[in-house]
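# Geometric and topological summary
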Amino acid sequence: AQSVTQPDIHITVSEGASLELRCNYSYGATPYLFWYVQSPGQGLQLLLKYFSGDTLVQGIKGFEAEFKRSQSSFNLRKPSVHWSDAAEYFCAVAGGSYIPTFGRGTSLIVHP
Amino acid sequence: DSGVTQTPKHLITATGQRVTLRCSPRSGDLSVYWYQQSLDQGLQFLIQYYNGEERAKGNILERFSAQQFPDLHSELNLSSLELGDSALYFCASRPRGGSSGELFFGEGSRLTVL
């Protein structure tokens, strides 16, 4: 069975600081990996995805993520956080079933 | 705007009642997914439909049912409601030819059971 662990429930950063949100997955084969963002009162929006190839993937809003097979990780990064990045971030894994399994989410708080 | 439309946005009802949540997928998308989001369970997959047929079931209670109609809109029916059914219910659609896990989500229907 596939699963995702996001170890951090909350992360607080100052505006302009760098960000890294952690994600560990469990899946028997090569996974499809995703990061989604949920702003208050909104649905989830896809930030970026990894299927194969280059292990560093770029997404929207200046986010990137790196796939590390040896660590079963897919951490999300951003070099400089903006106040508008405050939201809930979800990591997800999917396989041949086409049904993504989501982590519990990490709430990002941005201080001015 | 994801292109996925969900109604109603908010719903308050009493225990024992029945409600229907409606979802219209993005134009051209054949797959519809329903998820339940709650504080204690996180995002839980309920059920998936593809072009009118049920494709996969997740943690969906027997009191819940769903269907996808010929025009591809979907409805999630929740009956004999309990306090614990209070949650945000999301519908999502997958692009035709889209990759596994790549979904477009609606804004959700927030159900409160009193």
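Just so it is clear, the model here is predicted, and its values are computed rather than measured. In this numbering scheme, every chain counts its residues from 1 along its sequence in written order. Written order determines the labels here, with chains lettered from A and ligands numbered from 1. Reporting in this predicted model follows two pLDDT cut-offs: at least 70 for local features of residues, and 80 or more for side-chain atom pairs to be given and counted; totals over whole chains, interfaces and linings ignore these cut-offs and use all residues. Based on all heavy atoms of the structure, the side-chain values leave hydrogens and waters out of the count.

### Comments concerning the environment of Gly106(B)
Under the convention used in this document: The way it works is that DSSP assigns letters per residue, a run of H or I at least four long becomes a helix, a run of E at least two long becomes a strand, and they are numbered from the N terminus.
Within the element layout of this structure, Gly106(B) appears in the loop between β10 (104–105) and β11 (109–113). Remark: the alpha-carbon pair of Gly106(B) and Asp1(B), spanning 105 residues in sequence, is separated by 8.4 Å.

### Focus on the pattern of salt bridges
Side chains that differ in charge, positive against negative, can pair when their charged atoms come close. Residues and elements named next belong to chain A. Just so we agree on the cut-off: Put simply, a salt bridge is a Lys or Arg side-chain nitrogen that is within 4 Å of an Asp or Glu carboxyl oxygen.
A full pass over the atoms with the stated rule returns 10 salt bridges over all chains. One salt bridge connects Arg77 with Glu66, and the closest N-O pair in it is separated by 3.1 Å. Of this pair, Arg77 sits in strand β9 (residues 73–78) while Glu66 sits in strand β8 (residues 64–68); the two residues are 11 residues apart in sequence, bridging distant segments of the chain. When salt bridges with common partners are traced through the structure, they connect Glu64, Glu66 and Arg77 into a single cluster.

### Considering the interface of chain A and chain B
Which entries qualify depends on this criterion: In this description, contact between two residues means that some pair of their heavy atoms is separated by no more than 4.5 Å. Here the quantity called buried area is the accessible surface, traced with a 1.4 Å probe, that two parts lose on coming together, added over both. Throughout this description, a polar contact denotes any pair of N or O atoms lying within 3.5 Å of each other; where both atoms belong to protein, one of them has to be capable of donating a hydrogen while the other can accept it, and for residues adjacent in sequence the pair is counted only when both atoms sit in side chains. Classification used: nonpolar for Ala, Val, Leu, Ile, Met, Phe, Trp, Tyr, Cys and Pro, charged for Asp, Glu, Lys and Arg, polar for all others including Gly.
Residue-level contacts link 19 residues of chain A with 23 residues of chain B. Surface buried jointly by chain A and chain B totals about 1700 Å² across both partners, of which 56% is contributed by carbon and sulfur atoms. Counting the surface chain A buries against chain B, the share from its top three residues, Tyr98(A), Ile99(A) and Arg104(A), is 34%. Applying the counting rule to chain A against chain B returns 1 salt bridge. Between Lys49(A) and Glu102(B) there is a salt bridge, and its shortest N-O distance comes to 2.9 Å. Inspection of the region where chain A meets chain B yields 7 residue pairs in polar contact (both at pLDDT 80 or more). Those elements giving two or more residues to the side of chain A that touches chain B turn out to be β5 (32–38), β6 (44–50) and β10 (87–94) of chain A. With 4 residues, the single largest contributor to the side of chain A that touches chain B is β5(A). Looking at the side of chain A that touches chain B residue by residue, the classes come out as 12 nonpolar, 5 polar and 2 charged.

### A look at the state of the cysteines
Keep this limit in mind: What counts as a disulfide here is a pair of cysteine sulfur atoms lying within 2.5 Å. With a 1.4 Å probe rolled over the protein chains alone, any residue whose accessible area is under 20% of its type maximum counts as buried; one over 50% counts as exposed, and the rest are partly exposed.
Within the structure shown, the criterion is met by 2 disulfides over all chains. Covalently, Cys23(A) is tied to Cys91(A) through a disulfide, its sulfur atoms 1.9 Å apart. An S-S torsion of about -65° defines the bridge between Cys23(A) and Cys91(A) as left-handed. Taken together, the residues Cys23(A) in the loop between β3 (19–21) and β4 (24–26) and Cys91(A) in strand β10 connect sequence positions 68 residues apart. Each of the two residues, Cys23(A) as well as Cys91(A), counts as buried. Across the disulfide from Cys23(B) sits Cys91(B); the S-S distance is 1.8 Å. Measuring handedness by torsion sign, the sulfur bridge of Cys23(B) and Cys91(B) sits at about -55° and is left-handed. Residue Cys23(B) is found in strand β3 (residues 19–24), and its partner Cys91(B) is found in strand β9 (residues 87–94); the two are separated by 68 residues along the sequence. Just as Cys23(B) is buried, Cys91(B) falls in that class too.

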